[in-house]
Amino acid sequence: MRTTKQLTGKATKFTKKSKRSSRWFLTPSFLGVFLFFVLPFFVVIYYSMVNNPIAHEFVFLDNFARVARNGAFQRAVRNTAVFSAISVPLAVVLSLLLAVVLNQRLPFHSQFRTAFLSPMMVPVASIVLIWQVLFHYNGAVNDIIVNMGGDKIDWLKSDKAIFVIVILFLWKNLGYNMIMFMAALGNLPTDLIEVAELESANRWQIFVHIKLRYMSSTILFVTIMSLISSFKVFREVYLLTEDHPVENIYLLQHFMNNMFGNLDYQKLSSAAIYMSLAMIVIIGVLFAIENHFGKDVEE
Amino acid sequence: MRKQKFLTKALAMVLASAMILSLAACGGKDGKDGENKPGVTTEAEQYGGKEFVYAASFMDVDYTGYLDNGHIKDNYYYFLGGDYNEATQIYTQTLYKMDLTAGKIAPEEAGLKTSAGINDTEAWFANNFAVLSDGSVVVQQRKSSMNGDELENWLVHIDADGNEISKKNITEDVKIEGVDYSYISAMIATKDDEIVLNDGQNKVWKFDKEGNLLATADIKGIQWIQSTGIVSDGTIVLTGWGEEGGQQACKVNFDTKSTEKWLDFTGDAEGLDIEEVLVGKNDQTYVRTADALFELNTETGATTEVLKWLDSDIASWDIRQVFCAEEDEFGVIMGDGYEDDAQYEVGILRKTAVADMPVKEIITLGTFSYSGGGSDSQKAIVNFNRKSDKYRVEVIPYMVEEGEDAWQKAVEAFNNDILAGTGPDVLDASNLNTERLTSKGLLVDLNEYLDKDPDVSRDDYFKSVLETNTSKEGTLYCIPNSFTVLTLAGWKEDVGDKQGWTVDEAKAVFEKNKGKDYMYMTDRRSALSMLLFTNYDQFINWKEGTCNFNNDDFTNLLEIANMFPKETPNNDDYDPAGGIIDHTTLIYEAYMSSMNEYLLTKAIFGDDASKFTLIGFPGNEGNGARISTNGGYAINAAAKNKDACWEFVKSFISPDAYKASNTWQIPSLRSAFDAQLEKLMVPETYVDENGEEQQVASLGYGMGNHTFEIFPPTQEDVDAFMDLIDNARGSINYDQFIYGIIEEEAGAFFDGGKSAQDAAAVIQSRIQTYLDEND
């Protein structure tokens, strides 16, 4: 239904008044967002440009240069990038595969679905406890390896730690992504698929050219959510290995958390801004890709 | 459309303003007239914004010597003084009283005098006394035989002239089952002149003034009685530690023959240790704690703070007795120690409006201890406040709660204040992570003051002490008042005769002595802590931010620690010397906070310096001894008046401060240590029954079954100790994160899960990350 303005091109007194009063109703929310999101954002920028909170001397980009040169930050960025590069694609692909399989209406498919969803409901601390029991130097996994004739592996304190974290991440997040994909698969236009079948398209062609194209927005969403979750895996890593884990699982949030503990708010703020910029670029790229591949679907 | 554009522009302006405003460094305290004058304080800021304080005037007491167990009666303070005559070897006790209203306070004898000499077959010793309404005194005395085996308790009633009125043996009356001799810890007189005694743990007894037992009561639900008092309605009150934890106050009920819970203290004194209960002129009840005096509502248990001792320029550690002089007036008897040369004074505290007090510039002192610091800290604050016309130090205690996480909360609150720019001007450095604070420029470098101040000089202080308190950037952040020397000692035949050893040499010695107890009650983790605490800085290059734990020295240290037992048995009998004496223990950890403890170490090794070596902690430099400091004050870089702060910090380490101090700990000031040594080296002798001159031990230490007598040091002892101090290294600033990582990873090695090299590799990885963060 079109508004009066859309019909006549003019705003009536009533619409003008309702717009004015709606602004007043929006003001408390706006103030809240401003106070708790926008203003702190600018405070972070401020902290990143002064030398310390007592002297308040403006140093422009010196803190950014210092952080960029910092060995721990470089290591954290590298590790976070590697972790995200491994875990995010795996999370998307594996959850999509699971969704496709479970969409086939196999026997016990709803029980399987519940089983994959249940890790989401388990508190992080409990998950970490289980992982410690499994992957401790004297844990269950090493027991199995030793029984099979191998040597014990220090899973959490060696270069193998990254695999433990990837498995933990996938175990925790596959269920949620799978549900997203299952919902998207359920909303695909069946008439198009029928037409394609009639036109002798095989299942792979139907999957790639129709289903994936129609699911592009969901894939984008799942990818972004998985990317964000990959940054939040710090929680599990921190509980497993605390402030200063071995080098290859030292992530960006370890760096920022420790800077907070060291009261080095300048490095913390600068690192946070670097991370924000990186996220903006990555998400921007993802949106651009989705726009390209999903454009005709939206039309 | 136009309106929308306007709103969009307005929003952009607001956001831009937020950015610009946040860039501006505005703010600061306004003075009284609204001007922003750093260093000026207002009336409203004095004494924490209170309306009234109790201003003190002080009078010296014309008495030096031992003073204890006092009671106030009318305007007199009665106390037992003691004096030992070296020539006659007779110890004399005298009961004194002094008129607190006199212009000059001087004690006069109050009738009781006892004496005990070395040649007496029995000795009478006055433990406690109480003053009755007619001015006569009942004294609880201990009679002992010469060998100390037969001990009896007596009650002796004497008149004001010292004439004995009655005397009764109450040993059987106060006997407790299973206890050979009942030590009476407190004694008071009721308004009816009945005498109430307790032993601090088990029982309360009531006697008449002739010594006839009237009633008893068992002490239940409370232990370690701290105070015994009588409130205005005649209730006898005991305060102490409850059996379920926390402070408790009990009343004595002789009818039920037991103590009963009296009140739960709420309000300002809740949870605090009550040291004294006293009654005011108008029957109010007051309770005294380490920090303050509170008025107590005896019906509800609610307490209200009346005064803080530091506000009245009183160091609570020095308080012997508090009394209510008049309405809104209190008196305090204070002594600056418990030695023969202790000095005393009486303070009269009168309620005064803060508006009538002189306005001084406030220097805030942040401390983590509950009552503003130890004895020396309090004395420093009080002496500074009394002497300074311009400045006044006010304490901000950060540890305001009790419980497991109280310390963590105090640290967080402190850090938040420092960063917000509202932290205290002067900081108690004893529990700060000073390395972290100096690396961020949050502490003032005292080098500048040390070099410019005409009253103090760098050379006045021990170099290793200054080194210990200098950060890796070269900032001297505090000068502590005293320090301790830590080292390891062993028999020469075991450890050699050279001071200092490398890690390889230490490992060889430990391997050679397998089967021996390496160190008393030391397991692997304690051994690692001991080895690393003084050593891990050799594996870290702080300047370059690198570490090297992947080397043989570190793995050797882990392996040395691994040679120690996994666990040590619980041993209630503390006897670290026994194993050294019979050569079954290899190393003795010598913790020397005074010259006497060096002499103790020597005494443990047979009192012969040629037979043992102060080998030190394994490492690559020096004699292996380390300096450990505690306390001292640092200045906040955000303090408005740093010069004033320095004046206070200096007062804590000045020659006058050491003169006023009673500590025997090693002073950081060389001249103060020289003065201490001069006193210590004076021998005391006596003539025995054969007419021969014998030296008197200055001190005795008991360890398990062994007793060590310490005699005045010789010049050789002094030279050896000074040499140890001068060549000791400053101890590194203990970094809990680094040590935590090492301890965690070493645990896996100690449990047999990893090799020392694997553990070292993980330690290297994790600590390098930590160092990189702090680059």
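### Notes on the overall build of chain A
If you tally the helices and strands in chain A, you get 14 helices and zero strands. Radius of gyration (C-alpha) of chain A: 25 Å, far over the 19 Å computed for a compact globule of 299 residues. Each of the three principal axes of chain A carries a C-alpha extent, and together these read 80 × 70 × 30 Å. Long-range pairs, those at least 24 residues apart, make up 67% of the contacts in chain A with a sequence separation of at least 6. A total of about 17,400 Å² of accessible surface is found on chain A, and carbon and sulfur atoms cover 67% of it. For chain A, the distance from the average site of its 26 positive side-chain charges to the average site of its 19 negative ones is 15 Å.

### Quick look at the sheet that holds strand β23 (residues 319–326) of chain B
Residues and elements named next belong to chain B. Spatially, β1-β25-β24-β23 is the arrangement adopted by the four strands of the open sheet, whose pairing is antiparallel. Each edge of the open sheet is held by one strand with a lone partner, namely β1 (52–64) and β23. Averaged over all adjacent pairs, the angle separating strand axes in this sheet is 20°, with direction ignored. As defined by bridge partners, β1 adjoins strand β25 (residues 343–353) across 10 bridges and the pair is classed as antiparallel. Looking at β25, one finds that A56 is bridged to L349.

### Here's the deal with the sheet that holds strand β6 (residues 122–131) of chain B
Residues and elements named next belong to chain B. Read across the open sheet, the four strands follow the order β6-β7-β8-β9; overall the sheet is antiparallel. Each having just a single partner strand, β6 and β9 (164–169) make up the two edges of the open sheet. Averaged over all adjacent pairs, the angle separating strand axes in this sheet is 25°, with direction ignored. Two strands pair when backbone bridges link them, and β6 and strand β7 (residues 137–145) are joined in this way by nine bridges, in the antiparallel orientation. In the strand pairing of β7, A126 is matched with Q141.

### Considerations on the interface of chain A and chain B
Listed as interface residues are 37 residues of chain A and, on the opposing side, 32 residues of chain B. With both sides pooled, the region where chain A packs onto chain B buries about 3,000 Å², and carbon together with sulfur makes up 61% of that total. Across the contact surface, chain A and chain B share four salt bridges. Sorting the residues of the side of chain A that touches chain B by element identifies α2 (13–48), α4 (71–102), α13 (252–261) and α14 (265–298) of chain A as the ones contributing at least two each. Broken down by element, the side of chain A that touches chain B gets its largest block of residues, eight residues, from α2 of chain A. Per-class residue counts for the side of chain A that touches chain B are 18 nonpolar, 10 polar and nine charged.

### Structural notes on the confidence of the model for chain B
Averaged over every residue, the pLDDT of chain B is 83; the share at 70 or more is 89%. Confidence drops under a pLDDT of 50 for residues 19–40 of chain B, and excluding neighbours within four residues, the segment shows 22 contacts in the predicted structure.

### Topic: a positive patch on the surface
On the surface, K13, K16, K17, K19, R20 and R23 of chain A cluster together to form a positively charged patch. Here K17 of chain A is to be found in helix α2.

### Observations regarding the pattern of salt bridges
In the structure shown here, the tally under the stated rule is 36 salt bridges over all chains. For K143 of chain B, the salt bridge identified is with E152 of chain B, shortest N-O distance 3.7 Å. Classification of E152 of chain B by relative accessible area gives partly exposed; the value is 23%. For K206 of chain B, the salt bridge is made with E194 of chain B, and the minimal N-O distance between the two is 3.8 Å. Here E194 of chain B lies in the loop between β10 (186–189) and β11 (195–198) and K206 of chain B lies in strand β12 (residues 203–207), a separation of 12 residues in the sequence. The class for E194 of chain B is partly exposed, based on a relative accessible area of 22%. Shared partners join several salt bridges into a network, and the residues in it are D154 and K157 of chain A together with E744, E745, K754 and R766 of chain B.

### Here's the deal with the packing of aromatic side chains
All names here are of chain B. Going through the model one piece at a time under the given rule, you end up with 46 aromatic pairs over all chains. Taken together, a centroid distance of 5.2 Å and an interplanar angle of 50° make the contact between Y518 and F564 tilted. Here F564 lies in the loop between α10 (552–563) and α11 (576–581) and Y518 lies in strand β30 (residues 517–519), a separation of 46 residues in the sequence. Just as Y518 is buried, F564 falls in that class too. Aromatic side chains Y520 and Y574 sit 5.8 Å apart centroid to centroid with 75° between the ring planes, which places their arrangement in the edge-to-face category.

### Considerations on the side chain of S136 of chain B
Residue and element names in this part refer to chain B. Within the element layout of this structure, S136 appears in the loop between β6 and β7. Polar side-chain contacts of S136 include one of 2.6 Å to the side chain of D134. When neighbours within four sequence positions are excluded, S136 is seen to be in contact with A130, V131, H157, I158, D159 and A160.

### Notes on the domain arrangement of chain A
Residue and element names in this part refer to chain A. On domain assignment, one finds that chain A holds domain 1 (11–48) and domain 2 (69–298). The straight-line distance from the C-alpha centre of domain 1 to that of domain 2 is 35 Å. Taken together, the four residues of domain 1 in the interface contact five residues of domain 2. When domain 1 packs against domain 2, close to 430 Å² is buried across both sides, 70% of that on carbon and sulfur atoms. Contact with domain 2 buries area across many residues of domain 1, yet V44, Y47 and S48 alone supply 87% of it, more than any other trio.

### So, the domain arrangement of chain B
Segmenting chain B into domains produces domain 1 (52–217 + 307–356), domain 2 (219–306), domain 3 (361–482 + 630–663) and domain 4 (483–629 + 675–773). A C-alpha centroid distance of 45 Å is found between domain 2 of chain B and domain 4 of chain B.

### Here's the deal with a nonpolar patch on the surface
Residues and elements named next belong to chain A. On the surface, V82, I86, L90, V93, L94 and L97 cluster together into a nonpolar patch covering about 450 Å² of accessible area. Note on placement: I86 falls in helix α4. The class for I86 is partly exposed, based on a relative accessible area of 35%.

### Some points on the state of the cysteines
Tallied over the entire structure, the rule returns zero disulfides over all chains. Left unpaired, C478 of chain B is separated from the closest cysteine sulfur, that of C645 of chain B, by 14 Å.

Calculation criteria
- Residues numbered from 1 in each chain as written.
- Chains lettered and ligands numbered in written order.
- Predicted model: local features only at pLDDT ≥ 70, side-chain atom pairs only at ≥ 80, totals over all residues.
- Heavy atoms only, no water.
- Helix = DSSP H or I, 4+ residues; strand = E, 2+ residues; numbered from the N terminus.
- Rg over C-alpha atoms; globule rule 2.2 N^0.38 Å.
- Contact = heavy atoms within 4.5 Å.
- Areas by Shrake-Rupley, 256 points an atom, 1.4 Å probe, with all protein chains shown as cover.
- Lys, Arg positive; Asp, Glu negative; His and termini not counted.
- Charge placed at Lys NZ, Arg CZ, Asp CG, Glu CD.
- Pairing = 2+ DSSP bridges.
- Axes fitted to C-alpha atoms, helices over the stretch in contact; angles between N-to-C directions.
- Buried area = accessible area lost by both parts, 1.4 Å probe.
- Salt bridge = Lys/Arg side-chain N within 4 Å of Asp/Glu carboxyl O.
- Nonpolar A, V, L, I, M, F, W, Y, C, P; charged D, E, K, R; others polar.
- pLDDT = per-residue confidence, 0-100.
- Patch = residues over 30% accessible without salt bridge, like charges linked within 9 Å, V, L, I, M, F, W, Y side chains within 5 Å.
- Buried < 20%, exposed > 50% of the residue type's maximum accessible area, 1.4 Å probe, protein only.
- Phe/Tyr/Trp six-rings, centres within 6.5 Å; stacked < 30°, edge-to-face > 60°.
- Polar contact = N/O pair within 3.5 Å; in protein donor to acceptor, adjacent residues only side chain to side chain.
- Domains from an automatic or database assignment.
- Disulfide = S-S within 2.5 Å.

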